[in-house]
Amino acid sequence: LGSDVPFFLMLKPCYAEGRGEIMILLNEFNIDFDILIVNPNLHISTKWAFEKLNMTTENKDPVLRNYAKFQLENANSFVNDFEEIVFKKYVVLGEIKEELLKMGAVYSSMSGSGATMYGLFNKNNKSAITKCFNMYSAKKYFTYISEPRMAAV
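This is a predicted model, so every value here is computed, not measured.

Participant: Would you take a moment to explain the packing of aromatic side chains for this structure?
Facilitator: Aromatic rings considered in pairs are described by the distance between their centres and by the relative angle of their planes. Evaluation of the coordinates by the stated rule reveals four aromatic pairs. Taking the centre distance of 5.0 Å and the plane angle of 75° together, the rings of phenylalanine 50 and phenylalanine 82 count as edge-to-face. Placement of phenylalanine 50 in helix α2 (residues 46-53) and of phenylalanine 82 in helix α3 (residues 82-89) is noted, with a sequence separation of 32 residues between them. Owing to a relative accessible area of 49%, phenylalanine 50 belongs among the partly exposed residues under this scheme. For phenylalanine 82, a relative accessible area of 10% puts it in the buried group. Ring geometry for tyrosine 107 and tyrosine 118: centres 6.3 Å apart, planes at 45°, overall tilted. You can see tyrosine 107 sitting in strand β4 (residues 107-110) and its partner tyrosine 118 sitting in strand β5 (residues 117-121), a full eleven residues away along the chain. With a relative accessible area of 9%, tyrosine 107 lands in the buried category. The exposure class assigned to tyrosine 118 is partly exposed, which follows from its relative accessible area of 24%. Here the basic side chain of lysine 89 rests over the ring of tryptophan 48, its NZ or CZ set 4.8 Å away from the ring centre.

Participant: What's the story with the nonpolar core in this structure? I'm lost.
Facilitator: Most often, soluble globular proteins keep nonpolar side chains buried together rather than apart. Among the nonpolar cores identified, the biggest contains 24 residues, and Leu36, Val86, Leu93, Ile96, Leu100, Phe121 and Tyr136 are the most heavily contacted of them. Elements that contribute at least two residues to this core include exactly β3 (34-39), α2, α3, α4 (91-102), β5 and α5 (126-138). When sequence neighbours within four positions are dropped, the list of residues in contact with leucine 100 reads Leu36, Ala105, Ser108, Tyr118, Gly119, Phe121, Cys132 and Tyr136. Core analysis: the next-biggest nonpolar cluster, separate from the first, contains eleven residues, Tyr15, Leu26, Tyr67 and Ala75 among them.

Participant: How do you make sense of the sheet that holds β4 when you look at a structure like this?
Facilitator: Backbone hydrogen bonds hold the strands of a sheet together, and the pairing may be parallel or antiparallel. Within the open sheet, the four strands sit side by side as β4-β5-β3-β6. Their pairing is antiparallel. Only two strands of the sheet have a single neighbouring strand rather than two, namely β4 and β6 (142-146). With strand direction ignored, the average angle separating the axes of adjacent strands in the sheet is 15°. Relative to β5, β4 runs antiparallel, the two being bridged by four bridges. Looking at β5, one finds that tyrosine 107 is bridged to leucine 120. Against the sheet, α5 touches β3, β5 and β6, its axis set at about 10° to β3.

Participant: Explain the packing of α3 against α4 to me, please; I cannot follow it from the model alone.
Facilitator: Packing of α3 against α4 brings their axes to within 5 Å, and their N-to-C directions diverge by 115°. For the pair α3 and α4, contact is made by Glu83, Val86, Phe87, Lys88 and Lys89 and by Val91, Leu93, Gly94 and Lys97, respectively. A breakdown of the residues in the contact of α3 with α4 according to their chemical character gives four nonpolar, one polar and four charged.

What counts, and where the lines are drawn
Residues numbered from 1 in each chain as written. Predicted model: local features only at pLDDT ≥ 70, side-chain atom pairs only at ≥ 80, totals over all residues. Heavy atoms only, no water. Phe/Tyr/Trp six-rings, centres within 6.5 Å; stacked < 30°, edge-to-face > 60°. Helix = DSSP H or I, 4+ residues; strand = E, 2+ residues; numbered from the N terminus. Buried < 20%, exposed > 50% of the residue type's maximum accessible area, 1.4 Å probe, protein only. Lys NZ or Arg CZ within 6 Å of the ring centre and 35° of its normal. Core = buried A, V, L, I, M, F, W, Y, C linked by side-chain atoms within 4.5 Å. Contact = heavy atoms within 4.5 Å. Pairing = 2+ DSSP bridges. Axes fitted to C-alpha atoms, helices over the stretch in contact; angles between N-to-C directions. Nonpolar A, V, L, I, M, F, W, Y, C, P; charged D, E, K, R; others polar.

As far as function goes, none of this settles anything; it's purely spatial.
Here it is in structure tokens:
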């Protein structure tokens, strides 16, 4: 098992450090958007992604510690460093990100080292998220709509 497995067992929002084994519980973190999850049936080797990323903890400032809620005005801080290298090899993932944004997502990114992409949609924009869901489902991609719950204190 990977060292980030405890993160996924917490079932609460967390800020993870290290290899994912050091967690800070974020009791008040909320994402007030509907989320579309899309995976075009790809697998990306986490080992490959980390080798290509060539990053150490010394060269990255942990800015996400400072946020208790996702807000669009802070979206530039929510950057997935893997996207630049992964999108070069797996072009379809960058295309999905751009499509989600063009079709109404207010934010889109890759989850972890890939290959799952997600888009955040305003809760009052059910038609856009449904249109995207139908489009990616028709392509036989794994597609799921998640309506996040408020974080429990």
